[in-house]
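Here is how the chains run, residue by residue.
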Amino acid sequence: MSVQLFAVISRKNITNDELVHIPAGYYHLVAGEFQLNNEHPPLIKMWAALPLLFIQPKESLKSSGDADNDYREVTWGFHQNFWANNRSQFQSITFWTRTMMIVLTCVLGVVIFLFARDLFGRRVAVIAVALFTLEPTVLAHGRIVHTDLPALLVFVLFFFTLRRYFQARTFKRAAALGLVSGIALITKFSMIVLVPVLGLIAILGLIFARRFQENQRKLLVHCLIVLVIGWFLVNAAYRFQSPPLSPGDVKWVQVRSPENANAWLTFFNVGSRIVPTYYLYGQYNVMLHNRDGHATSLLGQYSNTGWWYYFPVAFALKTTLPFLLLTIIGLVFAIVQLISKHDWRFLWLLVPMAIYALLSMTSHINIGIRHFFPEFGFFFILAAVMLDMLLRTKLKVIGVGVVVVCFGWMTVEDVKAYPNYIPYMNEMASSHPKWWYLSDSNVEWGDEAQELANYLHARGETEVSGAMMGAWGTLDLLGIKYYELFPRPGVTLPETKYVVIGASFMNGSTNSIPPDANGKFVSDKQRVNYLAAYRTMQPEVVIGDALYVFKVK
């Protein structure tokens, strides 16, 4: 799996979000600047940026007007300066930061193995890891500097550590639970869901301590240990800094929450005495994002707030059919075993899955299967249980045959998709182009820029116009001048020989049309169909299964 991931990063560029995450991680490390990219906690970005301490990229200082800019303007300003100042080191910076993510992906495989072995034995653990290493969606994200796959790592690790604590409620295991909880909270903001889980367990533990012949005072001490260690790690990740919000961010709160801006500003002021300011502010911005939603698409439908069934449908399309079928059967089997035979081991899979499924299915940010990743670890274990059962039946030949077919099928899917794992969809997505079923990072995420640049250079071209995710941020670094197709008042676009439309823009959900000279926006219907003419045109080539290249001159 590691070899395959390294092979992919030798061919694939960084994605849209990595354009921001990598510079932000570096500035978190060297300058303690946490206003940047605060919708994501700093831990994973700093981990990925560790090699940059040896590469020593050129740094950009803030301009004097930055204090009046909100976090978005500061973030994008830093990112643009960072990459512009480090053109000569672009390849080494992106290689080493993604290498750190491959390390984390391997650690995730180890954690899945340990948890599966603890629950169901070694063979189930080996099968679960095999499924993990063969699933294309995991291969797509195992190299990317982002918080999505690490969220799966800490979510599985949390429940593994919690189970270990339940088995032996010792000081050492309470400290381990606090450590893992703190790491989870600074990995991805959605892991805040673990706080009420811990709170409920603590309350129930203290109430029923005597019934289970436990020392109530000891449990209270353990609760304090978890709380203190978790609090310490969250503060340590932000260098124990709690600066006041910048004037630009204060204005942002006043604009985005006009009715209760003072309450929010008071909350940040008071809360920052306990938790870092930009941890609270980051949670606030995630809340705003979820409140307002995100333009998205599903099966030809369009919405700004998504659908409760988005992630189950995306999961059904973005996973291999053997893994999908094993997961569905495994879910039914686990529920039956839990109810009829009181096999409490399955509770350690079903409860975490139910918690995160509820969180995901109520989310209005429906832009990628990656936001559903914390479920995957438990799915791998359930699917492995089903294959292990087949190997234990009397008709062992049939069991072995099914296992061989499953792994063989998944391997063939990997070979067919390589190295274009991000837009991967299974055989159910065959009657329409992939962009019709899903959009955004499910079908295109900007990592095709290098292949596009090579294609254009081979034809003597140094410029292109189009609509793409992420690629626009790195094409200039690769020697290609990029012009966005969407019109801006007073700007005349040059005519280029080639036009490139990304899969998500063929879909239309990610189209962002600026207002005209009078400040008027187009309707949503006009927006999503702005590039509709290209949907029926024949491209000269499709790069990375995501970029449609049209020769127009």
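Preceding this paragraph is the structure being described.
In this report, the structure presented in the accompanying data block is examined.

Cut-off values and rules
- Residues numbered from 1 in each chain as written.
- Predicted model: local features only at pLDDT ≥ 70, side-chain atom pairs only at ≥ 80, totals over all residues.
- Heavy atoms only, no water.
- Phe/Tyr/Trp six-rings, centres within 6.5 Å; stacked < 30°, edge-to-face > 60°.
- Helix = DSSP H or I, 4+ residues; strand = E, 2+ residues; numbered from the N terminus.
- Buried < 20%, exposed > 50% of the residue type's maximum accessible area, 1.4 Å probe, protein only.
- Lys NZ or Arg CZ within 6 Å of the ring centre and 35° of its normal.
- Pairing = 2+ DSSP bridges.
- Axes fitted to C-alpha atoms, helices over the stretch in contact; angles between N-to-C directions.
- Contact = heavy atoms within 4.5 Å.

So, the packing of aromatic side chains
So, step 1. This structure, assessed with the given rule, holds 52 aromatic pairs.
So, step 2. An angle of 85 degrees between the planes, with centres 5.5 Å apart, marks the rings of F268 and Y284 as edge-to-face. Taken together, the residues F268 in helix α14 (residues 261–271) and Y284 in helix α15 (residues 277–292) connect sequence positions 16 residues apart. The same class applies to F268 as to Y284, namely buried.
So, step 3. Ring centres of F315 and F379 lie 4.9 Å apart, and the angle between their planes is 55 degrees; on these two criteria the pair is classed as tilted. Highlighted residues: F315 in helix α16 (residues 310–318) and F379 in helix α19 (residues 376–392), separated in sequence by 64 residues. Take F315 and F379: they sit in the same class, and that class is buried.
So, step 4. Connected via pairs of aromatic rings, a cluster forms that spans F132, W307, Y310, F311, F315, F323, F372, F373, F376, F379 and F380.
So, step 5. Positioned over the ring face of Y455 is R459, at 3.6 Å from the centre of the ring.

Considering the sheet that holds strand β4 (residues 481–484)
So, step 1. Read across the sheet, five strands follow the order β4-β3-β5-β7-β6 without closing on themselves; strand pairing throughout is mixed. At either margin of the open sheet sits one strand with a lone partner, and together these are β4 and β6 (541–543). This sheet shows a mean twist of 30 degrees between the axes of neighbouring strands, independent of strand direction.
So, step 2. Across five bridges, strand β5 (residues 498–502) lies against strand β7 (residues 547–551) in antiparallel orientation. By the bridge assignment for β7, I501 is matched with Y548.
So, step 3. On top of the sheet, helix α22 (residues 449–458) reaches β3 (463–467), β5, β6 and β7; it is set at about 145 degrees to β6, its chief contact.

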